[in-house]
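The chain contents come next:
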Amino acid sequence: MKVLVIPTWYPSGEDKLMGAYHKDFTNALNKNGIKADMLYIERERLSKPVKYLFLKKKYVEHEKNYNVYKYRMLNYAPINFDLEIKKYTNKLLKAVKEYIRINGKPDILHAQVILPAGYATYVVGKKLNIPVIVTEHCGNVERFFKPPLNKYTDEMIGNVVFTTVSKYMQKIALKYTDKCEVLPNLVDIDNYVNYGKRKIENRFNLVSLCALREGKKIDNIFKAIKKIDDINIHLDVIGDGFYEKYYKDECKKLELNDKVNFLGRLDKVEISKMFKHEHVLVISSELESFAIPGIEALASGMPVVATKCLGPEEYINDKNGVLCEKNDVDSLKKAIIYMYNNYDKYDADYLRKSVSMFSEEEVIKKAKSIYEEMIRWKR
């Protein structure tokens, strides 16, 4: 079986975490006997047309066990979104045809995110007679099925296999399409050592792991810590991104520089080692479609405090963490205090077991089952 993965997002520029799970997924397909490559259309800003002239328009990057075929185009969305979709679709069609000339025809085209990759891949699959699956990662999935974007999804319904990374997203999608399956983001659980129950000695160590964007609301963790006087709390912030300076400035304003440490972006091995010294992972987001760091923390035997931002609500229960209200500093403060006072009740082995359904083995098994059904349906 041969699969071509076509993501809307790919780790590049300042945000190296955006779409990193697509790389993990493609790597896992190859490790589990499914030949897969990736094809990515990179859209450059119109504000830098001169820079675009001197960039390579197509090139290949070699990953561990697959290739990423990259093509560049200008991003016309700020001018006209319909023009952007048309240009993107034409570019993708040419790129897939070129890929086929070099590598042969794939059995499946697997697009990540409905627009633009999902719709464009649907058009390409229809022209080239290749089955298409689309996995949606955006938390606000409903906007794709409502005007004005529904003119694209209406055309796709019944002609592609829709999947989402979370059950709550699946429930929304099923309001508009008869069939939608859950294909969650996978987490290489074996990469995370179960360190067992940590002891709380001189201080209570919290960790936040995410791309530093506006909606992550890391500043709410700062404010919650500021309100807690009787617990010696330390926070490690792992990640980088567009809002790094903002969060550092907010931390300084609250005079918490001695309690907060910004570690920047770490690789998976470094993160796993850091988790050995942490007690609780905190997710403070407004909206998460999945929240991979929560899975990684639980796999390492560490409980999670998370806002009710949808994604984490599907795997966090009273045996492996605490949920609190989003954008509510007092609620977050109470959750942290509760975790501190009840820390001994969390069993590290249960924490790891509670996320086994997101392991590489289980997710790829599900993907393979969907692919095989698509191929049988085509025949």
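For the structure, see preceding data.
Residues numbered from 1 in each chain as written. Predicted model: local features only at pLDDT ≥ 70, side-chain atom pairs only at ≥ 80, totals over all residues. Heavy atoms only, no water.

Visitor: Quick question: what am I supposed to make of the nonpolar core here?
Guide: Formed by 71 residues in total, the largest nonpolar core has its most connected members in L39, L92, F144, F275 and L281. At nine residues, the largest contribution of residues to this core is made by helix α4 (residues 114-128). Counting residues in each nonpolar core, the second largest holds 30 residues, with L212, I228, V237 and V260 among its members. (Core = buried A, V, L, I, M, F, W, Y, C linked by side-chain atoms within 4.5 Å. Buried < 20%, exposed > 50% of the residue type's maximum accessible area, 1.4 Å probe, protein only. Helix = DSSP H or I, 4+ residues; strand = E, 2+ residues; numbered from the N terminus.)

Visitor: I tried to follow unusual backbone geometry on my own but got confused; where do I start?
Guide: Negative phi is the rule for most residues except glycine; trans is the rule for most peptide bonds. Of note, the bond from L115 into P116 is cis; its omega dihedral lies within 30 degrees of zero at 0°. Mapped onto the fold, P116 is located in helix α4. The peptide bond linking P147 to P148 adopts the cis configuration, its omega dihedral lying at 5°. Tracing the backbone shows P148 in the loop between β6 (132-136) and α5 (150-156).

Visitor: Would you mind going over the pairing of β6 with me for this structure?
Guide: Looking along a regular strand, one sees side chains alternate from face to face of the sheet. The buried fraction of β6 amounts to five of the five residues, a majority that puts the element mostly inside the structure. On β6, burial covers both faces: V132, V134 and E136 on one face and I133 and T135 on the other are all buried. Bridge analysis of strand β5 (residues 108-112) against β6 gives four bridges, and the strand direction is parallel. What sits directly across from A111, in β6, is V134. The parallel pair β5 and β6 is bridged by α4, and the resulting crossover is right-handed. (Pairing = 2+ DSSP bridges. Right-handed = clockwise from strand over helix to strand, strands pointing away.)

Visitor: What should I look at first to understand the sheet that holds strand β7 (residues 161-164) in this one?
Guide: Strands sit in the order β3-β4-β2-β1-β5-β6-β7-β8 across an open sheet of eight strands; the sheet is mixed. The open sheet terminates on both sides in strands that have one partner only, identified here as β3 (58-62) and β8 (181-182). As judged from the five bridges shared by strand β1 (residues 2-7) and β5, these two strands associate in the parallel manner. Of the residues in β5, the one forming a bridge with P7 is Q112. Together, β1, β2 (35-44) and β5 form the strand contacts of helix α1 (residues 20-31), whose direction differs from that of β2 by roughly 160°. In the packing of helix α3 (residues 81-103) onto the sheet, contacts are made with β1, β2, β3 and β4 (67-74), and the angle to β2 comes to roughly 145°. (Contact = heavy atoms within 4.5 Å. Axes fitted to C-alpha atoms, helices over the stretch in contact; angles between N-to-C directions.)

Visitor: Explain the sheet that holds strand β14 (residues 321-324) here, please?
Guide: Hydrogen bonds along the backbone pair up the strands of a sheet, which may run parallel or antiparallel. Read from one edge to the other, the open sheet built from six strands follows the order β11-β10-β9-β12-β13-β14, with strand pairing classed as parallel. For this open sheet the edge positions go to β11 (260-264) and β14, each flanked by a neighbour on one side alone. Neighbour-to-neighbour, the strand axes of the sheet open up by a mean angle of 20°, direction not taken into account. Of the pairings in the sheet, the one linking strand β9 (residues 204-209) to strand β10 (residues 233-238) comprises six bridges and is parallel in character. Bridging from a neighbouring strand, V207 pairs with D236 of β10. Against the sheet, helix α11 (residues 329-341) makes contact with β9, β10, β12 (280-283), β13 (304-307) and β14, and its axis sits at roughly 165° relative to β14, the strand it touches most.

Function cannot be read off these values alone, since they describe shape.
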